[in-house]
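Spelled out from the first residue to the last, the chains are:
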Amino acid sequence: MPESEANPTFSKSTGLPRKRFYRARAHSNPLSDSHFPVPVSPRHVDYTAHFPELFPSYDQVDGNSQRIQFADVGCGFGGLLISLATLFPETLMVGMELRDKVTEYVKERILALRVTNPGQYRNVSVVRTNSMKYIPNYFEKGQLSKMFFLFPDPHFKEKNHRRRVISPHLLDEYAYVLQVGGIIYTITDVEELGEWMKACLEQHPMFEPLTDQELEADPVIKLLSTATEEGQKVARNGGQTFTAVYRRIAGSSS
Amino acid sequence: MEEDSHLEGGENNREIEIAPAIIAVHPTQDSVAVAVGSDLRVFDLRTDCGVSLVDDSVEPFHKDSVRAIRYSANGKLFVSAGDDKLVKIWSTDTWRCISSVSSEKRVSAVSISNDGLYVCFADKFGVVWVVDIHDLDVNGALSNRKAAPLLAHYCSIITRLEFSPDGCFIVSADRDFKIRVSVFPKKPLEGAHEIQSFCLGHTQFVSSLAFICSKDLPQGFLLSGSGDSTVRLWDITSGSLLDTCEVGSQAALSESDGSEESCCAVTDLCAIQDSNLVAVAIQGLQGIILLGCDFSSKTLSVAKVVSITEENFIPTSMGSSSAGELLWFVTGISKLRDADHKSLARLKVVSGLRKKGHPESPDQHKPVVLGDEEIPGSQKLLEKLQGSLSIDQSVFSAAAEAIKTAMCNLLIKKQYPTESREWRKRTRNDRKAKQ
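Everything quoted here is computed from the prediction, not taken from an experiment. (Residues numbered from 1 in each chain as written. Chains lettered and ligands numbered in written order. Predicted model: local features only at pLDDT ≥ 70, side-chain atom pairs only at ≥ 80, totals over all residues. Heavy atoms only, no water.)

Quick look at the UniProt feature "active site" (unreviewed entry) in chain A
Residues and elements named next belong to chain A.
Step number 1: According to UniProt, the positions carrying the feature "active site" (unreviewed entry) are Asp 153.
Step number 2: Along the chain, Asp 153 turns up in the loop between strand 4 (144-150) and helix 5 (168-177).
Step number 3: Accessibility expressed as a relative area gives 28% for Asp 153, which makes it partly exposed.
Step number 4: Only 3.1 Å separates the side chain of Asp 153 from the backbone nitrogen of His 155, close enough to count as a polar contact. (UniProt positions renumbered as here; feature names shortened; annotations may be inferred. Helix = DSSP H or I, 4+ residues; strand = E, 2+ residues; numbered from the N terminus. Buried < 20%, exposed > 50% of the residue type's maximum accessible area, 1.4 Å probe, protein only. Polar contact = N/O pair within 3.5 Å; in protein donor to acceptor, adjacent residues only side chain to side chain.)

Looking at the packing of aromatic side chains
Residues and elements named next belong to chain A.
Step number 1: Per the stated rule, a full pass over the model turns up 19 aromatic pairs over all chains.
Step number 2: Ring centres of Phe 36 and Tyr 134 lie 6.2 Å apart, and the angle between their planes is 85 degrees; on these two criteria the pair is classed as edge-to-face. Here the residue Phe 36 occupies a position in the segment before helix 1 (47-50), and Tyr 134 occupies one in helix 4 (residues 131-138), the gap between them amounting to 98 residues. Tyr 134 carries the same exposure label as Phe 36, and that label is buried.
Step number 3: Here Tyr 47 and Phe 51 contribute two aromatic rings whose centre-to-centre distance is 6.0 Å and whose plane-to-plane angle is 45 degrees, an arrangement assigned as tilted. (Phe/Tyr/Trp six-rings, centres within 6.5 Å; stacked < 30°, edge-to-face > 60°.)

Considerations on the pattern of salt bridges
Oppositely charged side chains may form a pair once their charged atoms are brought near each other.
Residues and elements named next belong to chain B.
Step number 1: Inspection of every chain in the model, using the stated rule, returns 21 salt bridges over all chains.
Step number 2: With a closest N to O distance of 3.1 Å, Asp 372 and Arg 346 form a salt bridge. In this pair, Asp 372 sits in the loop between strand 28 (368-369) and helix 3 (378-386) while Arg 346 sits in strand 27 (residues 344-351), placing the two residues 26 residues apart along the sequence.
Step number 3: Where salt bridges share partners, they join Glu 311, Arg 346, Lys 348 and Asp 372 into one cluster. (Salt bridge = Lys/Arg side-chain N within 4 Å of Asp/Glu carboxyl O.)

Notes on the confidence of the model for chain A
Predicted coordinates in areas of low pLDDT are best not read in detail.
Step number 1: In the predicted model, chain A carries a mean pLDDT of 88, and the fraction of residues at 70 or more is 87%.
Step number 2: Below pLDDT 50 for its whole length, residues 1-5 of chain A participates in 11 contacts with residues either more than four positions away or in separate chains. (pLDDT = per-residue confidence, 0-100. Contact = heavy atoms within 4.5 Å.)

Next comes the structure, spelled out in structure tokens:
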């Protein structure tokens, strides 16, 4: 644990990392393979490293033990994860982020929160990875109950649409890691992207939209636009957000 | 960016253009096909003479290296595809091209559904496409088809495509160590969205796939070969890894040259039908390794190493018919940079792989490398498929090295030191290549 006095990147008052020392460009190229370790398979994910208080020794992770159920894809500075951690204290969740500095920030933030709030935030962690290539390496079939895609990179140019994190092909993989009944949450302030994501989900045979009543009843929906930096910025600027929340349904062969 | 410069044909990546020779054998051994570079050569074993392919365009019918060839299960169709972004479907009766499908990117793998109704091909950007061919008139005029996207491995070169024996699944392997098993739907043109499993375990690019079945287990197991020098056995329904066989150490044992073990990749697999054997071709080994699969214990073990002693022969591709009597393999290269040779190919056959007759006799595999005269079609076949009868040993060693380098360059992500990465970012060009 870094000491607050010696390390100016941490605030003396809150013990939390200061964002300005972890600034990075908003955009990162998902096509370039940066050099971060990738687990060979979901069984190789190091639960002890991510959740040390819940899995003190490596031997404790077996077929019956608890596994990650929520994934925040492109978690940014971790706003959503931090809110979800206390809302669902019994659920393991992980953020996936491509940018190095930002992942470091989230890591430090979680560690600091665990110190300042004993017993809390033990269920949340972050991993630096390219979720467009390696999601099947982290999660078994039907493992996740919720997946989040908050304010993803719009990749405006048509030739870059293939880099969008929600696409017809990638939805196959997201459907694979989500359990039947699992929910995918997407939100953006870019209208065209919102229409794109909705259309992709609508056309995919393994997703169906949530009804208005279901959306009303879901405590997570509100967090999509309020819990993150991006969401707060959009609200400050009086912008509009476009959400598409869908449920994973059984395939035709099941 | 690295991906695009490979795909748009970077001028400084000459090594990637070197293509290994590949072979395919008709299911009832009516014919044998070999592709070396852009040259497609077929020998008809029933009439005992070479085949002249017929197409609307001018020879060579493929304008660039052919990377994948395949016969359909019923033997009526033959497919060839490669770096010229064309998938050509041929009738094996007339050897006329009956359909030409355009791909946006260079094609790296091809497969035909067991019922012969669909052709699937994969490109170097990771997309698998499907073409509907059930109303294709085998004797009709050339009809060019359009392909629909079936599934994709994000930004990865797909190295192999295989249908499961029961036709329910399509398996795709990539250079990012992954094998994806997808349900092949009733309406493939709408996409294969349901993933059955991922077979994860390899630590390098996956280079080859094969299914091995037995009478008791008709759906069989999946075998995969990789750049990590292993062959692995999988249950595709669950994606579980049943066994791993370190064939790389076998190659090192047989070869005494003690060269670097950097890229001792498995290059091809061929399951011998009606037996529990699978042949493995691996870089550095002059010959093949025969692995035996035990279906009850779900394990793999080395049954025999078949060495080729008189020649420098490291197989680049293998094939056999449904009868599994003979294993055909080829070594060759599209062109060598420094040599005068346009292309090289050498073909060999191994027989005696299957147990003969008597069930009481001991489990003896006596595989034998046939001499040139003992091969079906002998001199005429060799002349047609190899391009010539004479072989220059020294050139084949250089060829083996060149192919090894080409495969590594293509399938293994280059690790650049930090300084050159920054420089590369500055000079990279995101503009689309001119059509």
